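Here's the letter readout for the chains.
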Amino acid sequence: MAAFLAKLFDSNTRELRRLDKIATEIKRLGSEMEKKSDDELRAKTEEFKSRYLSRESLDSLLVEAFAVVREGARRVLGLYPYPVQLMGGVTLHEGNIAEMKTGEGKTLTATMPVYLNALTGKGVHVVTVNEYLASRDAEEMGQLYEFLGLTVGLNLNSMSKAEKKEAYAADITYGTNNEFGFDYLRDNMVLYPEDRVQRSLHFAVIDEVDSILIDEARTPLIISGQAKKSTQLYLQANAFVNTLKKDIDYTYDEKTKGVQLTEEGINKAERAFHIDNLFDISHVTLNHHINQALKAHVSMHRDIDYVVQDGEIVIVDQFTGRLMKGRRFSDGLHQAIEAKEGVDIQNESMTMATITFQNYFRMYDKLAGMTGTAKTEEEEFRNIYNMRVVAIPTNKPIIRDDRPDLIYASMQGKFRAVVEDIAERHQKGQPVLVGTVAIETSELISSLLKKKGIPHNVLNAKNHEREAEIITQAGQKGAVTIATNMAGRGTDIKLGEGVLEVGGLAVIGTERHESRRIDNQLRGRSGRQGDPGVTQFYLSMEDELMRRFGSDNLKNMMERLGMDDSEPIQSKMVTRAVESAQKRVEGNNFDARKQLLQYDDVLRQQREIIYKQRNEVMEAEDLREIVENMIQSVVKRAVEANTPQHEEEEQWNLEGIVDYVSANLLPEGDITATDLRGKEPEEMVDLIIEKVKARYDEKEETLTPEQMREFEKVILLRSVDTKWIDHIDAMDQLRQGIHLRAYGQIDPLREYQNEGFQMFENMIVSIEEDVAKYIMKAEIRSNLQREEVAKGQAVNPKEDGGKAKRKPVRRKESVGRNAPCPCGSGKKYKHCHGRLA
């Protein structure tokens, strides 16, 4: 193991030596660039572009281009990138991850590779975790890009299609991971090519790459429409679950958060709903509702997983502690929680388009990322995204004091000690940042501090409007800030006057997170740019992580030694046990993400086929050949079905062929059984196709060529969209229940692949039959218009470890009547979705 770690360390050291040489070359050009006037510096951009068009590679332009940006940053922003930032910039250009500690200037580091890759004219996307950071960085760094002659766009959720198109046409586009992904899905639902907003996906730099590609990788993006379902069953299931008793009627596994009915519980359900067998196929829906109601009551906790606000259930984001307004858990879990909390039950939604972040970002020609914490997930970045993690050294040595964990017997004793520590530090003027995992913990500490009369700010999901502002002030003398997880991520905490003298920022963690990376992020808030600082984690034997991974022996030992709540233990053994528990959880989470990707890969292949064909349909001048091929397939299948090879010719069902053709393709009487008698199946197909083509020609004569071509497009697009939406939803339902096959010793993934392929084949057949029927049978209106199959909205489900799959809806902003409609139609809200509101 030690040899392996040494080898790993050596590879990073070798990489840093190579990067340092390139950084030295860039620095060498510093004095030359300094002598240039603003116009001369700006002219380098056009020079680089023409050199690139003359087949010079970006790698050969790198040193000079980085030197130009470096000098531009000094003039425009008053910032001059350090050598370590140059090294980070090269790492990003090469399509890898630069791990740079908090406060090391990642935003400025990204400007150099972004500028270099934008010279291609293919567009560069800079991806951030929220719209506040996207707007801030686009405005600040945009000054530098514009000074150097490049255009900058900002892609926000509230923008119209025209505004988005303009943002994507810029050399550099800032936006969030959600918005880029949703725009891709929406672009593949448009009816006219000119309605697309995105260009092809060239190069993306992802800020906080671990948050987006790891934490949210179990989060498929979904465009969803309404599915009408009765709410009565949710209420009945909820009333029934209220009568159940733990360990008698159901069991709950705290590690996996799994809830199961016992035999007694099953009998009780059968009696309550007056049925013989709960597992009969006709009771699948009832069984599902009972299970979701059970999950809602036992494994979903108010003020941890969700809050009740203004008569609605609002999900709490596990990773940021933010409220995810408007988003919903999927698969009926949200409705089950609504029934549990006694609020109005809303309709379930139906999936219309979906993609995981993993598959979306893997479509870019080149992908790069930066974060303060990525080394612990290096294997995943390498395996799934083909990106290496390069740990870039800090500009100044870290002098922060990371103290060993303090472990208390009970939570009460732990929180008492935390408050004492905060009070002591506050008294001497040291700023304190307290990190909590759950909203209720932050509120508990807040109430304890109020009793002591200590002024403080609480930054959690219930108060995130002033997030960045509060985080910025967290380094002022005497400030006390309580934050859930990594609220305010991406915002630096700068130290106020006199803080260095009292020891810098103190970070106090109230429990260990299940991921080491998030603990490291919290630690990294302190000690930026060589500042002093201290970090201390307080744990108790009653913490969830300790409870889930066997702290009973330790707790018994503490009791035997007579240790009370006022005495913590500092034990390397406990710290090691916690870290090994964290590694286990990380491993489980990696497996869950890997499995999700394997399942989504089945849909990815299908999605690529459908989206490619859909684009070809939209862009084709004449679809008649495609339509005729579809009709040929339909006729061939109809003939084969009625003329089996193993039967005698006299037994063939010629009337069946005639009925099918008359119902779907030709007017009655055009083909008769007499016409088909005595012919081979191939001859029958040729005869029918000949008559179909003649009928097609007749249709063409009644319309202008433009109308006929548009008619073909309308029919094809409508058929493809309808069937594809049904198919995605069916695949989603299949995915939900496929794991049950494992009980029959069958590999669920292989079954999903096989059945998914069969369902896709069936969908293609169904599309062909639809197109054939409507092209040949539909009456053509002169005012033909392409229509959307259904109105969809963007939703963003979270699959969270052992928790139920979530399908939250995207947070909606309130929209003014005269503002552009958020659906992207380009119309005013009052003339579009405002009419329905």
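Residues numbered from 1 in each chain as written. Predicted model: local features only at pLDDT ≥ 70, side-chain atom pairs only at ≥ 80, totals over all residues. Heavy atoms only, no water.

An unreviewed UniProt entry lists the protein under the name Protein translocase subunit SecA, with Siminovitchia thermophila as the source organism. The record held by UniProt for the protein lists under Sequence similarities (unreviewed entry) the comment "Belongs to the SecA family." Reading the Catalytic activity (unreviewed entry) entry of the UniProt record for the protein gives the comment "ATP + H2O + cellular proteinSide 1 = ADP + phosphate + cellular proteinSide 2." (UniProt positions renumbered as here; feature names shortened; annotations may be inferred.)

The subject of this paragraph is the packing of helix 16 (residues 378–385) against helix 23 (residues 572–619). Closest axis-to-axis distance for the helix 16/helix 23 pair is 12 Å, and the angle between their directions is 10°. Classified by the angle their axes make, helix 16 and helix 23 are roughly parallel. Contact residues: helix 16 offers E379, E380, N383 and I384, while helix 23 offers F590, R593 and L597. (Axes fitted to C-alpha atoms, helices over the stretch in contact; angles between N-to-C directions. Helix = DSSP H or I, 4+ residues; strand = E, 2+ residues; numbered from the N terminus. Parallel < 35°, antiparallel > 145°, perpendicular 65-115°, else oblique. Contact = heavy atoms within 4.5 Å.)

Before going further, it helps to spend a moment on helix 11 (residues 232–241). Within helix 11 the residues assigned to the buried category are Y234, A237, N238, F240 and V241. Viewed end-on, helix 11 has its buried residues packed into an arc of 160°, placing them on one side of the element. (Buried < 20%, exposed > 50% of the residue type's maximum accessible area, 1.4 Å probe, protein only. Arc of directions from axis to C-beta.)

What follows concerns the confidence of the model for the protein. When pLDDT is averaged along the protein, the result is 83; 83% of the residues meet or exceed 70. The low-confidence segment residues 797–814 (pLDDT under 50) makes 80 contacts with residues lying over four places distant or belonging to another chain. When the criterion is pLDDT under 50, residues 833–837 qualifies, and its contacts beyond four places in sequence or with other chains add up to seven contacts. (pLDDT = per-residue confidence, 0-100.)

The side chains of a regular strand alternate, first on one face of the sheet and then on the other. Most of strand 20 (residues 505–509) is tucked away: five of the five residues are buried. Two strands pair when backbone bridges link them, and strand 17 (residues 432–436) and strand 20 are joined in this way by four bridges, in the parallel orientation. Within the sheet, the bridge partner assigned to L433 lies in strand 20 and is V507. As paired elements, strand 20 and strand 21 (residues 533–540) share five bridges and run parallel to each other. (Pairing = 2+ DSSP bridges.)

Here we come to helix 27 (residues 681–701). Along an α-helix, residues three or four positions apart point the same way, because every turn accommodates 3.6 residues. Here helix 27 contains 21 residues, and its C-alpha end-to-end distance of 31 Å stays within 8% of the 30 Å for a straight helix at 1.5 Å per residue. Taken residue by residue, helix 27 has P681, M684, V685, L687, I688, I689, V692, Y696 and K699 as its buried positions. (Expected span 1.5 Å × (residues − 1).)

Relative orientation and spacing of two packed helices are given, respectively, by the angle between their axes and the distance between those axes. At a minimum axis separation of 9 Å, helix 24 (residues 624–642) and helix 29 (residues 748–777) run at an interaxial angle of 110°. Classified by the interaxial angle, the pair formed by helix 24 and helix 29 is roughly perpendicular. Here V627, M630, I631, S633, V634 and R637 of helix 24 lie close against helix 29, whose contacting residues are V765, I767, E768, E769, V771, A772, I775 and M776. In the contact of helix 24 with helix 29, the residues fall into 10 nonpolar, one polar and three charged. (Nonpolar A, V, L, I, M, F, W, Y, C, P; charged D, E, K, R; others polar.)

Negative charge collects at one region of the surface, where E640, E648, E649, E650, E680, E682, E683, D686 and E690 lie side by side. In terms of residue count, helix 27 provides more of the negative patch than any other element does, four residues in total. Summarising the element assignment, E649 is placed in the loop between helix 24 and helix 25 (654–664). For E649, a relative accessible area of 37% corresponds to the partly exposed category. (Patch = residues over 30% accessible without salt bridge, like charges linked within 9 Å, V, L, I, M, F, W, Y side chains within 5 Å. Areas by Shrake-Rupley, 256 points an atom, 1.4 Å probe, with all protein chains shown as cover. Salt bridge = Lys/Arg side-chain N within 4 Å of Asp/Glu carboxyl O. Lys, Arg positive; Asp, Glu negative; His and termini not counted. Charge placed at Lys NZ, Arg CZ, Asp CG, Glu CD.)

Now for the pairing of strand 21. Counting buried positions along strand 21 yields eight of eight residues, so the element is predominantly enclosed. Burial along strand 21 is two-sided: the residues G533, T535, F537 and L539 and V534, Q536, Y538 and S540 are all buried. Where strand 15 (residues 401–402) lies against strand 21, two bridges are found, and the strand directions are parallel. Bridging from a neighbouring strand, D402 pairs with T535 of strand 21. In this structure, strand 16 (residues 406–408) lies alongside strand 21, joined through three bridges in parallel fashion. Along strand 21, the bridge assignment pairs L406 with Y538. A crossover links strand 20 with its parallel partner strand 21, the connecting element being helix 20 (residues 516–523), and its sense is right-handed. (Right-handed = clockwise from strand over helix to strand, strands pointing away.)

Look at the UniProt record and you will see "binding site: ATP" (unreviewed entry) annotated at Q85, G103, E104, G105, K106, T107 and D492. Relative to the elements of secondary structure, Q85 occurs in helix 5 (residues 83–93). Every residue in contact with Q85, bar those within four places of it in the chain, is listed here: Y80, M100, E104, G105, L108, T109 and M112. Looking at where G103 falls in the secondary structure, it is placed in the loop between strand 1 (97–99) and helix 6 (106–118). Given the relative accessible area of 11%, G103 is considered buried. Not counting residues up to four positions away in its chain, the partners in contact with G103 are D492, R528 and Q529.

Here we take up the pattern of salt bridges. Taken as a whole and judged by the stated rule, the model has 53 salt bridges. R637 is paired through a salt bridge with E768; the nearest N and O atoms lie 2.8 Å apart. Of the two residues, R637 is situated in helix 24 and E768 in helix 29; the sequence distance between them amounts to 131 residues. For K723, the salt bridge is made with D770, and the minimal N-O distance between the two is 3.9 Å. Of the two residues, K723 is situated in helix 28 (residues 705–737) and D770 in helix 29; the sequence distance between them amounts to 47 residues.

In this structure, D247 takes a positive phi of about 70° despite not being glycine. Here D247 falls in the exposed class, since its relative accessible area comes to 58%. Despite not being glycine, Q529 shows a phi value in the positive range, around 50°. Turning to its location among the elements, Q529 is positioned in the loop between helix 20 and strand 21.

As a further point, take the sheet that holds strand 4 (residues 172–176). One open sheet holds the seven strands; their spatial order is 3-4-2-5-13-1-14, and the pairing between them is parallel. Because the sheet does not close on itself, it has two edges, and the strands there are strand 3 (152–155) and strand 14 (389–391). On average, adjacent strands in this sheet sit at an angle of 20° to one another, irrespective of strand direction. Helix-sheet contacts for helix 8 (residues 161–169) involve strand 2 (124–128), strand 3 and strand 4, and the interaxial angle to strand 3 is about 140°.

Here we take up the packing of aromatic side chains. Two aromatic rings, taken as a pair, are described by how far apart their centres are and by the angle between their planes. Counted according to the given criterion, the structure contains 13 aromatic pairs. Ring centres of Y184 and Y360 lie 5.8 Å apart, and the angle between their planes is 55°; on these two criteria the pair is classed as tilted. Taken together, the positions of Y184 in helix 9 (residues 177–187) and Y360 in helix 15 (residues 357–361) put the pair 176 residues apart, joining distant regions of the chain. Both residues of the pair, Y184 and Y360, belong to the buried class. Ring geometry for F357 against F361: centres 6.3 Å apart, planes inclined by 25°, an arrangement best described as stacked. Of the two residues, F357 and F361 are both situated in helix 15; the distance of four residues between them amounts to about one turn of the helix. Like F361, F357 is buried. (Phe/Tyr/Trp six-rings, centres within 6.5 Å; stacked < 30°, edge-to-face > 60°.)

Attention now goes to the nonpolar core. Generally speaking, nonpolar side chains in soluble globular proteins are found buried as a group. Ranked by internal contacts, the top residues of the largest apolar core, which has 91 residues, are L185, L213, F361, F381, I631 and L665. It is helix 28 that contributes the most residues to this core, 11 residues altogether. In this structure, L665 is in contact with I631, V635, Y660, V692, A772, M776 and K777, ignoring residues within four places of it in sequence. (Core = buried A, V, L, I, M, F, W, Y, C linked by side-chain atoms within 4.5 Å.)

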